[in-house]
Amino acid sequence: MPGLDDATRGRLLFGGDYNPEQWPEETWHEDVRLMKAARVNSVTLGVFSWSKLEPEPGAREFGWLDTLMDLLHEHGIGVVLATPTSSPPPWMGRLHPDTLPVTEDGRTEWWGGRQHFSHSSATYRRYAAAITEDLAARYAGHPALTMWHINNEYCTADHGDEAAAAFRRWLRARYGTLDALNTAWGTAFWSQGYDTWDGILPPRLPHYMRNPTQVLDFRRFTSDMLLECYAAERDIVRRHTPHLPVTSNFMPLFLGQDAWRWAEEEDVVSVDLYPDPRDPLGAQHGALVQDMTRSQARGPWMLMEQAAGPVNWRGVNHPKPRGLNRLWSLQAVARGADAVCFFQWRQSRQGAEKFHSGMVSHAGEEGRTFQEVKQLGADLERIAPETAGRHVTAGVAVLHDWHSWWAGTQDGRLSGEVDYPDVLRAWHRALWQAHLTSDFAHPEHDLTPYPVVVAPQLYALTDAAIGNLLAYVRQGGTLVCGFQTGVADQDDRVRPGGMDARLRELFGIRTLHEWWPLDAGESVACEGFGATLWSEEIEAGEADEVIPYRGGELDGLPAILRRGRAWYVSTLPEPGALRDLLAGIAAGAGVGPVLDGLPGQVEAVRRGELLFLLHHGREPVTVEVPGTHHDLLTGTDVTDRVTLGRYGAAVLRP
Ligand code: GLA
């Protein structure tokens with residue numbers, strides 16, 4: 001199978017979404033001039049071009065795209081060509097209302113925005129396949145073409161009638177019999193037993209809480225249906241260009257797609273990443289998404305979109321202060337990206353995103369945004385030869401599973417304060433602050449390469465996953481699990497005893513009496529630290545070590561238990577405590593920080609032979625780096641220490 005290296009060929013890709021159909025042809029010439037000045041070597045064309053390519057049903061207007069493909073090729077700029085299928089032309093909805101998705105309360109999502117397509121619509125799929133076929137046939141041999149980009153940020157759900165029929169088919173394939181479905185869904189509760197497949201619906205708006213397993217299966221179904229749409233287009237382009245890689249861009253930590261499963265179907269894993277420049281933990285959010293994407297890719301990955309300045313979809317949208325765009329771009333490269341791209345090349349003057357930044361902002365060539373983009377292009381070109389294709393190594397794996405997330409976010413749980421992404425972020429942040437590089441893994445993956453595995457919140461675990469965790473510890477691994485691990489099975493059925501018996505034994509828990517969720521802002525004291533969000537009334541069994549709760553109802557009961565190399569943390573320790581806990585456990589397992597003695601705001605990552613140092617603060621800091629190194633960014637040697645200025649970075653080769 002082709003991979004990202006077939007497109008990069010030893011370079012780091014640099015560029016972004018290019019939407020020239022919004023501009024007159026003179027601007028295209030200006031665009032390529034500026035692209036060359038910024039060392040842009042890759043652009044993504046056609047993401048939202050469907051109505052331009054097919055202005056009426058069956059018509060084909062490829063002339064403008066021919067001109068652009070040729071123009072870009074003449075200037076040595078490669079093209080990631082998108083199938084335009086995420087935003088059907090208005091005629092489609094008008095002539096074929098069956099292509100429009102329906103919300104849970106029966107409202108149609110109309111054209112006039114984007115992503116108004118039903119994954120289950122046979123009509124939509126037919127049109128999508130036809131335009132993909134013709135696009136692929138036309139450009140298969142074009143020398144500018146380097147990669148395919150299918151659709152864009154797949155994310156729609158559909159509760160309409162055609163989707164309902166598809167849901168039933170999907171359920172039949174999963175369960176075989178109605179009995180099996182009734183059992184899995186626990187339909188004995190609230191008189192929900194189904195006597196015919198035709199009675200089953202997507203989880204449409206009910207009077208009161210929904211059946212949680214129906215909702216869980218609907219999420220699985222939705223992810224699978226979108227994946228089917230992706231795979232259908234992928235197979236078409238593959239037939240024409242078996243030598244070129246195919247991707248579809250993920251949204252970071254997005255609820256709607258099981259990205260582990262999706263990544264297996266992609267040649268290149270790509271993601272869109274927009275941390276808030278004002279968020280003090282924006283850099284950590286970036287690191288988390290980058291670590292997750294790298295893990296899904298099992299190697300180099302593509303940053304498909306980021307913003308050179310502000311986005312325009314937050315309540316208040318802040319620009320990036322001077323230097324931050326470069327720093328966060330280098331962070332992505334440090335954490336394994338072989339492509340640093342933006343949404344979008346030129347900031348629009350019209351449409352819903354006219355206040356969303358571009359690489360060329362409204363201020364134009366002289367604007368600070370473009371000047372910094374130019375500097376970034378030069379930096380990336382400088383470091384590319386020793387960076388591209390190299391791997392990042394991690395001693396810790398963080399477990400994450402969409403199905404567990406889906407099962408844990410249902411109505412009717414004990415605390416609405418527990419937010420899965422927040423818990424995941426808290427644990428990843430602890431590792432990040434301890435300068436421990438982490439990968440992400442699925443609970444059924446081979447975990448043996450990692451001396452330490454942490455599972456922030458795997459509420460639902462399959463038997464296979466539990467078996468995998470037990471085997472991992474048996475084989476010498478150190479496992480640290482957060483609260484509510486292994487409560488439910490794959491059907492969101494609570495396991496006897498409130499936590500799987502094998503796990504209770506693993507952690508040295510005799511009885512889990514009650515869960516004690518905490519209110520927003522409430523904390524609970526533990527021996528030596530405070531904790532928030534959650535606590536549990538546990539009676540220890542054969543634990544080797546117990547750190548107790550102090551005071552209150554749970555006084556003296558275990559907050560943290562250890563049995564052998566297995567740890568259970570029944571609450572969310574405050575950030576510093578979680579950092580110290582995980583750093584201590586990692587050290588015990590022989591896993592240390594990337595570099596000792598790092599200042600707080602400096603992030604360090606090793607990629608291949610290189611040591612990336614990234615300074616997230618504005619005041620200069622000095623970092624001790626014993627020995628002599630060559631800084632690829634400045635082209636100079638440094639000995640024993642390097643000083644980093646505001647948002648500064650160094651890329652050191654020994
Ligand atoms: C997403 C989309 C882009 C654009 C950006 C704006 O990532 O893929 O088309 O809308 O958001 O941030």
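Participant: Where do I start with helix α7 (residues 161-175) in this structure?
Facilitator: Note on helix geometry: an α-helix contains 3.6 residues per turn, so any two residues three or four positions apart are oriented the same way. With 15 residues, α7 ought to run about 21 Å at 1.5 Å a step, and its terminal C-alpha atoms sit 21 Å apart, in line with that. All of the buried residues along α7 are Ala163, Ala164, Ala166, Phe167, Arg168, Trp170, Leu171 and Tyr175. Those residues of α7 that are buried lie in contact with α8 (178-185) and α9 (212-240).

Participant: Looking at this model, I keep getting lost on the domain arrangement of the chain. Mind explaining?
Facilitator: A common way to express how large an interface is: the accessible area buried when the components associate. Looking at the chain, the domain boundaries give domain 1 (4-158 + 222-387), domain 2 (396-588) and domain 3 (602-653). Inter-centroid distance (C-alpha atoms) of domain 1 to domain 3 is 31 Å. With 23 residues of domain 1 in contact, the opposing surface of domain 3 contributes 17 residues. Summed over both partners, the interface of domain 1 with domain 3 comes to about 1700 Å²; 58% of that surface belongs to carbon and sulfur atoms. In this assembly, domain 1 and domain 3 are joined by three salt bridges. For aspartate 338, the salt bridge is made with arginine 607, and the minimal N-O distance between the two is 2.6 Å. Our enumeration of links across domain 1 and domain 3 arrives at nine residue pairs in polar contact (both at pLDDT 80 or more).

Participant: I'm lost on the environment of alanine 163 in this one. Help?
Facilitator: The topology assignment puts alanine 163 in helix α7. Residue alanine 163 is classed as buried on the basis of its relative accessible area, which comes to 0%. Taking the C-alpha atoms as reference, alanine 163 lies 40 Å from proline 143; in sequence the two are 20 residues apart. Among all residues touching alanine 163, those that are not within four sequence positions of it are His119, Ser120, Asp158 and Phe221.

Participant: Just to check I follow, could you spell out a nonpolar patch on the surface for this structure?
Facilitator: There is a patch of nonpolar side chains on the surface, built from Phe189, Trp190 and Tyr208 and spanning about 390 Å² of accessible area. Here phenylalanine 189 lies in the loop between α8 and α9.

Participant: Is there a simple way to explain the packing of aromatic side chains in this structure?
Facilitator: The way to describe two aromatic rings as a pair is by their centre distance and the angle between their planes. As enumerated under the stated definition, the model contains 25 aromatic pairs in all. An angle of 90° between the planes, with centres 5.7 Å apart, marks the rings of tyrosine 274 and tryptophan 313 as edge-to-face. Of this pair, tyrosine 274 sits in the loop between β7 (270-272) and α11 (282-297) while tryptophan 313 sits in the loop between β8 (301-305) and α12 (324-334), and the two are 39 residues apart along the sequence. A residue is classified by how much of its surface remains accessible, and tryptophan 313, at 49% relative accessible area, is partly exposed. Taken together, the ring pairs connect Trp50, Phe117, Tyr124, Tyr154, Tyr230, Phe250 and Trp262 into an aromatic cluster.

Participant: What's the story with the packing of helix α15 (residues 420-433) against helix α18 (residues 575-588) in this structure? I'm lost.
Facilitator: Between two packed helices, both the angle of their axes relative to each other and the distance between the axes serve to describe the pair. The interhelical angle for the contact between α15 and α18, taken along N-to-C directions, is 65°, at an axis separation of 8 Å. In terms of crossing hand, the pair formed by α15 and α18 is right-handed. Side by side, α15 and α18 meet where Ala426, Trp427, Arg429, Ala430, Leu431 and Gln433 of the first sit next to Pro575, Leu578, Arg579 and Leu582 of the second.

Participant: Honestly, the pattern of salt bridges in this entry has me stumped. Any pointers?
Facilitator: Note on pairing: side chains with opposite charge can pair once their charged atoms come close. Within the structure shown, the criterion is met by 43 salt bridges. Two residues, arginine 550 and aspartate 555, come together in a salt bridge whose shortest N-O distance is 3.9 Å. What makes arginine 550 partly exposed here is its relative accessible area of 41%. Sharing partners across several salt bridges, the network here consists of Asp291, Arg294, Arg335, Asp439 and Glu603.

Participant: Hey, could you run me through the environment of valine 79 in this one?
Facilitator: Here valine 79 shows up in strand β3 (residues 78-82). For valine 79, a relative accessible area of 0% puts it in the buried group. Distance from valine 79 to histidine 149, taken between C-alpha atoms, is 10.0 Å for residues 70 residues apart in sequence. With sequence-adjacent residues up to four places away left out, valine 79 is seen in contact with Val43, Leu45, Met69, Leu72, Ala144, Leu145, Thr146 and Met147.

Participant: Can you walk me through the sheet that holds strand β16 (residues 529-532) in this structure?
Facilitator: Backbone hydrogen bonds hold the strands of a sheet together, and the pairing may be parallel or antiparallel. The antiparallel open sheet is built from three strands, whose spatial order is β15-β16-β21. Lying at the two open borders of the sheet, with one neighbouring strand each, are β15 (523-526) and β21 (572-573).

Participant: Can you walk me through the side chain of glutamine 115 in this structure?
Facilitator: Locating glutamine 115 in the fold gives a position in the loop between α5 (90-95) and α6 (122-139). Looking at glutamine 115, its side chain comes within polar contact range of the main-chain oxygen of glutamate 153, at 3.3 Å. Once residues lying within four places of it in the same chain are set aside, the contact partners of glutamine 115 are Ser86, Ser87, Pro101, Asn152, Glu153, Cys155 and Thr156.

Participant: When you look at α15 in this model, what are you seeing that I'm missing?
Facilitator: The end-to-end C-alpha distance of α15, which contains 14 residues, comes to 20 Å, matching closely the 20 Å that a straight helix rising 1.5 Å per residue would cover. Among the 14 residues in α15, ten count as buried, and that is most of the element. Within the span of α15, buried status applies to Tyr420, Pro421, Val423, Leu424, Ala426, Trp427, His428, Ala430, Leu431 and Trp432. The positive-phi residue at the C-terminal boundary of α15 is histidine 435, with phi of around 60°.

Rules used in this analysis
- Going along each chain's sequence as written, the residues are numbered from 1 onward.
- Reporting in this predicted model follows two pLDDT cut-offs: at least 70 for local features of residues, and 80 or more for side-chain atom pairs to be given and counted; totals over whole chains, interfaces and linings ignore these cut-offs and use all residues.
- Calculated side-chain values reflect all of the structure's heavy atoms, with hydrogen atoms and water omitted.
- Every helix listed is a DSSP run of H or I at least four residues long, and every strand listed is a run of E at least two residues long, numbered separately from the N terminus.
- Expected span of a helix, by definition, is 1.5 Å for each gap between consecutive residues, and there is one gap fewer than residues.
- Remark: exposure states derive from per-residue accessible area (1.4 Å probe, protein chains only) relative to the maximum for the residue type, with buried under 20%, exposed over 50%, and partly exposed in between.
- The contact definition used throughout considers only heavy atoms, calling two residues in contact when any of these lie within 4.5 Å.
- Delimitation of the domains relies on an automatic or database domain assignment.
- When two parts are brought into contact, each loses some accessible area as probed by a 1.4 Å sphere; the total of that loss over both is the buried area.
- We count a salt bridge whenever a side-chain nitrogen from Lys or Arg sits within 4 Å of a carboxyl oxygen from Asp or Glu.
- For this analysis, a polar contact is any N or O atom pair within 3.5 Å, provided that within protein one partner can donate a hydrogen and the other can accept it, and provided that sequence-adjacent residues contribute only side-chain to side-chain pairs.
- Residues enter patches when their relative accessible area tops 30% and they take part in no salt bridge; the joining distance is 9 Å for like charges and 5 Å for the nonpolar side chains Val, Leu, Ile, Met, Phe, Trp and Tyr.
- Only the protein chains shown count as cover for residues, and the accessible areas themselves come from Shrake-Rupley with a 1.4 Å probe.
- Side-chain rings of Phe, Tyr and Trp (the six-membered ring for Trp) are treated as a pair once their centres are within 6.5 Å; stacked means planes under 30 degrees apart, edge-to-face means over 60, and tilted covers the remaining angles.
- Fitted lines through C-alpha atoms serve as axes, helices being fitted only where they are in contact, and the angles separating the N-to-C directions of these axes extend from 0 to 180 degrees.
- With the far helix as reference, a near helix turned anticlockwise by less than a right angle produces a left-handed crossing, and one turned clockwise produces a right-handed crossing.
- Two strands qualify as a pair provided DSSP detects at least 2 bridges between them.

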